[in-house]
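This is what each chain is made of:
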Amino acid sequence: MKIYNTLSRKKEEFEPIQPGKVSMYVCGPTVYNLIHIGNARPMIIFDTVRRYMEYKGYEVNYVSNFTDVDDKIIKKANEEGVNSSVISERYIEECKKDMKALNVKTATTHPKATEEIDGMLNMINVLLEKGHAYAASDGTVYYKTRSFKEYGKLSHKNLDDLRGGNRSLLVSGEDQKEDPLDFVLWKPKKEGEPYWESPWCKGRPGWHIECSVMSKKYLGDEIDIHAGGEDLIFPHHENEIAQSEAANGKPFAKYWMHNGFLNIDNKKMSKSLGNFFTVRDISEKYDLQILRFFMLSAHYRSPLNFSADLMEAAKNGYERIVTCVSNLNYLLEASQQDNAASDAMSAQETADIEEAKGFIHKFEEAMDDDFNTADAVSAIFELVKFANTKVTEHSSKEFIRAIKDEIVMLSDICGLIVEKEAEILDSEIESLIQERQDARKAKNFARADEIRDTLLKQGIVLEDTREGVKWKRA
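Residues numbered from 1 in each chain as written. Predicted model: local features only at pLDDT ≥ 70, side-chain atom pairs only at ≥ 80, totals over all residues. Heavy atoms only, no water.

Caption draft 1: Layout of the side chain of S198. For S198, the position within the fold is in the loop between β7 (183-188) and β8 (203-205). Side-chain polar atoms of S198 contact the backbone nitrogen of W200, separated by 3.1 Å. Within the structure, S198 has its side chain in polar contact with the backbone oxygen of C201 (distance 2.6 Å). Once residues within four sequence positions are removed from consideration, S198 is found in contact with L121 and W186. (Helix = DSSP H or I, 4+ residues; strand = E, 2+ residues; numbered from the N terminus. Polar contact = N/O pair within 3.5 Å; in protein donor to acceptor, adjacent residues only side chain to side chain. Contact = heavy atoms within 4.5 Å.)

Caption draft 2: Local environment of unusual backbone geometry. P235 follows F234 through a cis peptide bond whose omega is 5°. Within the secondary structure layout, P235 lies in helix α7 (residues 233-248). For K443, which is not glycine, the phi torsion reads 60° and is therefore positive. In this fold, K443 is placed in the loop between α14 (427-441) and α15 (445-457). On the basis of relative accessible area, K443 is assigned to the exposed category, the value being 63%. (Buried < 20%, exposed > 50% of the residue type's maximum accessible area, 1.4 Å probe, protein only.)

Caption draft 3: Focus on the sheet that holds strand β12 (residues 267-268). Strand order in the open sheet formed by three strands is β12-β11-β13, and the pairing between neighbours is mixed. Since the sheet does not close on itself, it has two edges, and those belong to β12 and β13 (304-306), each with one partner. Here strand β11 (residues 262-264) runs beside β12; their pairing, made up of two bridges, is antiparallel. In the strand pairing of β12, I264 is matched with K267. (Pairing = 2+ DSSP bridges.)

Caption draft 4: How the structure looks around helix α12 (residues 373-390). Over its 18 residues, α12 extends 25 Å from the first C-alpha to the last, a length consistent with the 26 Å expected when each residue adds 1.5 Å. For α12, the complete set of buried residues consists of T373, A376, V377, A379, I380, F381, L383, V384, F386 and A387. Buried residues belonging to α12 abut α1 (37-55), α9 (288-295), α10 (308-337), α11 (347-368) and α13 (397-413). (Expected span 1.5 Å × (residues − 1).)

Next comes the structure, spelled out in structure tokens:
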């Protein structure tokens with residue numbers, strides 16, 4: 001298995017620190033509003049990475065945090081006249097609902113920044129003792145960026161160039177800094193802000209120190225994979241490396257993974273442009289499994305363009321798999337009711353199953369090559385086409401079940417739910433479907449069409465297939 005490592009800018013063979021185990025930290029959202037589809041991309045991508053690692057037999061310790069103290073949270077709390085914890089807890093719960101709807105697995109640990117303050121104070125003390133940090137007169141504690149000789153190794157930025165033009169590191173209190181590039185580890189509270197006691201002042205942590213501490217506590221000083229959106233490479237992840245390696249005296253993460261940006265109709269998503277979509281917005285029009293399918297349709301490191309046309313294409317693609325599995329379940333149920341149907345596979349079916357295993361191999365090849373989900377999904381499509389060609393009403397139960405299980409298994413690795421639970425129609429609708437069947441047999445097509453129209457008005461779409469009549473919700 002090879003992973004593209006942002007640190008080395010090349011694909012590297014994956015070798016975990018501990019054989020059979022994977023430690024993985026993924027930067028989570030700042031919880032001041034509903035998550036948007038840009039937040040959803042890393043959630044879906046790295047959940048899929050985790051799922052594949054588990055499929056390969058690794059025990060994955062997956063940590064993804066919630067940043068629950070931040071200027072935006074405080075601003076919203078002040079606007080509503082409530083404590084900032086009210087805002088953060090509200091949107092943590094809403095985020096979890098959206099993650100569940102996207103079929104993102106719950107992390108091994110979901111730490112909250114506000115519950116890890118003691119660890120942050122300890123790490124800041126260590127950095128002060130080692131000469132990597134200093135306290136200003138107002139109690140602000142800064143990280144001494146130039147004290148870490150490898151600063152810039154992840155983003156491949158030069159410190160002198162940064163000092164000359166990039167101001168993204170310059171924080172309030174700049175005049176107290178020894179160097180304009182130094183960044184905040186701890187800052188004094190302002191009026192109306194939450195705060196914690198510290199040796200330097202009543203205040204709260206800087207953003208970067210939070211992830212360094214949570215990663216250390218739940219995964220250890222050195223971890224296998226650190227992941228997030230490409231916008232976090234600099235300064236967030238660069239600063240995490242500087243803090244963690246200076247404090248712990250060890251390499252922080254072996255592999256750094258970053259997903260590409262998500263654009264809307266080839267433009268950056270922004271509220272001012274009116275192209276800002278939350279996951280909840282999308283759920284009003286689409287099953288969120290379609291959004292997940294869409295996110296997996298491109299390589300995670302590539303920029304991804306979101307548009308109505310591409311979502312419709314994703315819907316069609318996803319439904320191809322769902323329909324195939326539904327047909328296989330229908331055939332399996334029919335074969336179980338047919339006493340004449342064979343249980344065991346024929347010699348030809350045995351040969352076909354061996355051929356079908358080739359699609360698993362294609363899927364694994366794609367995923368082993370830096371998690372190429374686009375090619376992995378293509379392998380599932382090939383298997384669907386194979387199933388549609390090879391499986392008939394005369395197939396054995398064992399063959400039908402084996403093909404179906406293979407499609408469901410590969411889809412599940414991608415986090416795609418393709419085997420929908422059977423819905424129970426109420427007795428009136430069931431009666432109408434049966435009446436339509438009887439009308440068709442009696443060649444009363446006018447009545448059959450009338451029933452179809454009646455059901456359609458109730459949101460039930462009928463499909464006449466070679467396996468019989470099927471229905472789905474409109």
